[in-house]
Amino acid sequence: METLKCWSSLHGYVMFIFLTTVSKGSACEAPSSPECFRKNSEQSVYMCEWSMNTTESDVIFDLYFNEMKFGNIKETYFEIAEELLIRHRSVNIWVEAHVGNFSCMSPRKSVVLGDTVKFETPQIISVSWVKNNSLRNNISLIWKAAENHQASAEVRFRRDGHPTESWEKISTYTTMMTAQSSPQVPTSQKGLTPEYKVIVVNLLKHSAYQFQIRHRSTQAQNPLWSKWSPVLMVPAELEHEPEVNIKTKVVNGTREVALTWKPMPHAAAVGGVTYWLEDTQSSHGCPCKRTKTSRHHNNTVIYVSYSAVNISLTARNAVGYSPSALIEVPAIPAADLKTCDNMTLDEKLNKKTCKQWYELRDQDSRPQNVITLAKMQDYVRYLHFEHTCDNEKPRTVKMCLFYKKEGAPQREPQVFAAINDAHNSAILSWKATASEHQRGFRTHYSLCSMKISSQEGQEECRNISASLTKYHLENLAPGAKYNISLAAVTRAGEGPKAIISIYTQPEKQMNVWLSFGLLIAFFLGTTMCTVILKRIKNKIFPPVPKPVIPDFNLFQPENQEILEGKEEVNDLTLLQLHPKVKSVPEDAGETTTLRGEWDHGSDKDMENERGDSRMSGGTSDESPGSTDQALRSSREGEITDLEQVDNEIAMLIYRNGLVFDVKVD
């Protein structure tokens, strides 16, 4: 009976506790068990942390170490000095939360406080790529060390832009290093703070990654993992220098330099890219002192003076720097630079004015050749610039050539040569002495010539312009030998002479036959051109034929003696029509036709004979009597044959160059 009563009372107590817990849970959710630890093995302060899901703002916590209570805590953490705690033996710890009239308690946890160490969340201070091979690289992660001992570390990572990829995790041990080897740590802190370093290998070279790390102690008996670091975006390495385009415009003593460059690749620009710009003129504080400037876009405009300037552009992301792009802006080439007049080296300038000297060696005025006043040397030519600063823009107010001290040239003009172009003159050419051997401002050249003959010649000298490299030497004697000398002259004196010998050509008479031949060729050419032009004209415009009208002029000789000239008998051709015809048809019509054909043929033959007579040079001065006699003899020889042609005979009579058709029945 007593046992039953005992169980009844125990059951009632359990139910009471359960109902109390349920009633409290309806208004308060129990917090997590606290974790109490030191941040490293050398600290003497313990940090206790817990968590609780609540939306209430007036929650009060009580922290218990066995029977020791630390109450009225309004945060989810609490720091306690080690003197107040039992460190080297096990203690029970828990947290009780109070929300209004309700309370809830965390589970109890038994720990040895002295053995528990939990590092702070790591903060990565340096990320850099370590080259491995052409396709894959390693990456170095550096963060502040929690203690001066090696630690365990876990690194998880995945490629940026691939959210579906799972995190890869590696466990390793850190490498201890000092801040002296880290370029991101200020110089004042180097050697004071130890660092942890982890290298993750075999990462894709041209990809961006996301990283998280956590670490824990290797010295404590009960080490706890720190929280994961925030996600760190690690861009790809900047392998190439920016590609820069430059445009320069001169504006009133100042040059406006517009720079544009291509953006970096997307993988290298993850997390942002900053561009650092620096020019040598500003870094030297002349004339407008500026520090390095950063740009987040890919264009900018700067102002520089007329002197030579180097501009460097470097891209920077979270893992490092790109190679610097170097842009050389040469000095403005000024024609006919004058000598610096009344220049004093100890002249004091105001704060916004400065001077620059460039040592000129074959017109080389690069920025690295800037010479300070203390290093200027004698007999060396300098290009002097004087700049001022107007509204933070450098402006050049003076350009000239300067020698600290002048001397005579050390070398003669180079490549001195002559060309004889005539019997009484020669063309001389040379190359000016290099600036490092000139040693002063060249005022002129001294050119001397002396004729070499059996008798001692007299040297003739003349001064020619210092800017010349060619000269036409005249008034020389034909067929003679001359010694020619040339020397550069400065304000300090004359330099060595370059000497050459020349022979003038002998004077020659003009070739008469050559002139005559040229004259004949001229006339022949003119004649041929005239003939060709006439032929072309006749083909284009053919001449219109004119009828030939013989000129019968009556001529009455003054005396009879002229008529009695010598007769000339020409060959006579007798044309016989149809010699085989024995009889003539009685038809009168046929006779008439035959007679007409005879007449027609006789007329043509007469004309042909007339033409032949004219072509053979016959004249009309022959005697008619001689002609009749010849014709009569010919007629008597042929009369018997002619009588057989039906009493119709055609005869040709040639008289005085004319042919007559005589018909006899």
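Small disclaimer: the values here were computed from a predicted structure and weren't measured. (Residues numbered from 1 in each chain as written. Predicted model: local features only at pLDDT ≥ 70, side-chain atom pairs only at ≥ 80, totals over all residues. Heavy atoms only, no water.)

## A short note on the overall build of the protein chain
Applicable threshold: Secondary structure elements follow DSSP: runs of H or I of four or more residues count as helices, runs of E of two or more count as strands, with numbering from the N terminus. Only heavy atoms enter the contact rule, under which two residues are in contact if any of them lie within 4.5 Å. Computed with the Shrake-Rupley method and a 1.4 Å probe, the accessible areas treat only the protein chains shown as cover for residues.
Broken down by element type, the protein chain carries seven helices and 39 strands. Considering only intrachain contacts with a sequence separation of at least 6, the fraction spanning at least 24 residues in the protein chain is 63%. In the structure as shown, the protein chain presents an accessible area of about 42,100 Å², 52% of it carried by carbon and sulfur atoms.

## Remarks on unusual backbone geometry
Our working definition: Relative accessibility thresholds used throughout: buried, under 20% of the residue-type maximum; exposed, over 50%; partly exposed, between the two (1.4 Å probe, protein chains only).
For Tyr 379, which is not glycine, the phi torsion reads 60° and is therefore positive. Inspection of the secondary structure puts Tyr 379 in the loop between strand S28 (370-371) and strand S29 (381-390). Classification of Tyr 379 by relative accessible area gives partly exposed; the value is 26%. Positive phi values are uncommon outside glycine, yet Asn 475 reaches one of about 60°.

## A closer look at the sheet that holds strand S5 (residues 77-81)
Cut-off, in case you're wondering: Strand pairing is assigned whenever DSSP identifies at least 2 bridges connecting the two strands. Between N-to-C directions, angles span 0 to 180 degrees; the directions come from axes that are lines fitted to C-alpha atoms, helices contributing only their stretch in contact.
Strands sit in the order S1-S2-S5 across an open sheet of three strands; the sheet is antiparallel. Among the strands making up the open sheet, the edge pair consists of strand S1 (35-37) and S5. If you compare each strand with its neighbour and ignore which way they point, the axes differ by 20° on average. Relative to S5, strand S2 (residues 45-49) runs antiparallel, the two sharing five bridges. Bridged to Glu 49 within S5 is Tyr 77.

## A few points about the sheet that holds strand S34 (residues 460-465)
One open sheet accounts for four strands, arranged S34-S33-S36-S37; its pairing is antiparallel. Among the strands making up the open sheet, the edge pair consists of S34 and strand S37 (493-503). Between one strand axis and the next, the sheet turns through 20° on average, direction left out of account.

## A word on the pattern of salt bridges
Selection criterion: Any Lys or Arg side-chain nitrogen found within 4 Å of a carboxyl oxygen on Asp or Glu counts as a salt bridge.
Under the counting rule described, the total for this entry stands at 12 salt bridges. Glu 154 is paired through a salt bridge with Arg 214; the nearest N and O atoms lie 2.9 Å apart. Residue Glu 154 is located in strand S12 (residues 151-159), and its partner Arg 214 is located in strand S16 (residues 209-217); the two are separated by 60 residues in the primary sequence. The class of Glu 154 is buried, set by a relative accessible area of 11%. We classify Arg 214 as buried; its relative accessible area is 18%.

## Concerning the state of the cysteines
Keep this limit in mind: Disulfide assignment relies on a single distance test, namely cysteine sulfur atoms paired within 2.5 Å.
For the coordinates displayed, the defined rule picks out three disulfides. With its sulfur 2.0 Å from that of its partner, Cys 36 forms a disulfide with Cys 48. For the disulfide bridge between Cys 36 and Cys 48, the dihedral angle about the S-S bond is near 115°, and by the sign convention the bridge is right-handed. Of this pair, Cys 36 sits in strand S1 while Cys 48 sits in strand S2, and the two are 12 residues apart along the sequence. Exposure class is identical for Cys 36 and Cys 48. Each is buried.

## Notes on a nonpolar patch on the surface
Convention followed: Without a salt bridge and with relative accessible area above 30%, a residue can belong to a patch; like charges are then joined within 9 Å and nonpolar side chains (Val, Leu, Ile, Met, Phe, Trp, Tyr) within 5 Å.
Together, Phe 516, Leu 519, Ile 520, Phe 522, Phe 523 and Leu 524 make up an exposed nonpolar region whose accessible area comes to about 610 Å². Topologically, Phe 516 is positioned in helix H4 (residues 512-540).

## Observations regarding the pairing of strand S7 (residues 102-105)
Sheet analysis places strand S6 (residues 91-99) next to S7, joined by four bridges and oriented antiparallel. Its bridge partner being in S7, Val 99 is matched across the sheet by Phe 102. Where S6 hands over to S7, the hairpin turn is made up of two residues, of which Gly 100 adopts a positive phi near 65°.

## Points about the packing of aromatic side chains
What counts here: Think of it this way: a Phe, Tyr or Trp ring, Trp meaning its six-membered ring, pairs with another when their centres are within 6.5 Å, and the plane angle makes it stacked under 30 degrees, edge-to-face over 60, tilted otherwise. Any Lys NZ or Arg CZ that is within 6 Å of a ring centre and within 35 degrees of that ring's normal is treated as a charge sitting over the ring.
Summed over the entire model, instances satisfying the criterion amount to 13 aromatic pairs. Relative to Tyr 209, the ring of Phe 157 lies with its centre 6.3 Å away and its plane at 70°, an arrangement referred to as edge-to-face. Here the residue Phe 157 occupies a position in strand S12, and Tyr 209 occupies one in strand S16, the gap between them amounting to 52 residues. In this structure Phe 157 comes out as buried when scored by relative accessible area, which is 5%. We classify Tyr 209 as buried; its relative accessible area is 5%. Connected via pairs of aromatic rings, a cluster forms that spans Phe 65, Phe 70 and Phe 78. Residue placement shows Arg 439 over the ring face of Tyr 379; its charged tip is 4.0 Å from the ring centre.

## Considerations on the environment of Met 264
Along the chain, Met 264 falls in the loop between strand S20 (254-261) and strand S21 (274-279). A C-alpha to C-alpha distance of 8.2 Å links Met 264 and Ala 315, two positions 51 residues apart in sequence. Aside from chain neighbours lying at most four places away, what touches Met 264 is Leu 238, His 240, Pro 242, Ala 269, Val 273, Tyr 275 and Ala 315.

## Let's talk about the pairing of S20
Regular strands have side chains that alternate between both faces of the sheet. Relative to S20, strand S19 (residues 244-251) runs antiparallel, the two sharing eight bridges. Each bridged residue has a counterpart across the sheet, and for Val 244 the counterpart in S20 is Trp 261. What sits between the antiparallel neighbours S19 and S20 is a turn of two residues, in which Asn 252 has the positive phi angle 50°.

## Comments concerning the side chain of Thr 314
Stated formally: Here a polar contact is taken to be a pair of N or O atoms separated by no more than 3.5 Å, where protein atoms must pair a possible hydrogen donor with a possible acceptor and residues adjacent in sequence count only if both atoms sit in side chains.
Inspection of the secondary structure puts Thr 314 in strand S24 (residues 309-317). Polar contacts involving the side chain of Thr 314 include one to the side chain of Ser 324, which spans 2.6 Å. Residues within four places of Thr 314 in sequence aside, it is in contact with Thr 274, Tyr 275, Trp 276, Tyr 321, Ser 322 and Ser 324.

## Notes on the environment of Arg 159
Relative to the helices and strands, Arg 159 is located in strand S12. The residues contacting Arg 159, other than those within four sequence positions of it, are Glu 165, Leu 204, Ser 207, Ala 208 and Tyr 209. In this structure the side chain of Arg 159 is engaged in a polar contact, spanning 2.8 Å, whose partner is the side chain of Glu 165.

## Thoughts on the confidence of the model for the protein chain
Quick note on the threshold: Each residue carries a pLDDT score, the predictor's confidence in it, ranging from 0 to 100.
On average, residues of the protein chain score 77 in pLDDT, and 68% of them are at 70 or above. Taken together, the stretch residues 183-190 has pLDDT below 50 and engages in 10 contacts with residues farther than four places along the chain or on a different chain.

## A short note on the side chain of Glu 82
Of note, Glu 82 is situated in the loop between S5 and S6. There is a polar contact of 3.0 Å between the side chain of Glu 82 and the side chain of Arg 87. Residues contacting Glu 82, with those up to four places away along its chain left out, are Gln 43, Ser 44, Tyr 46 and Arg 87.

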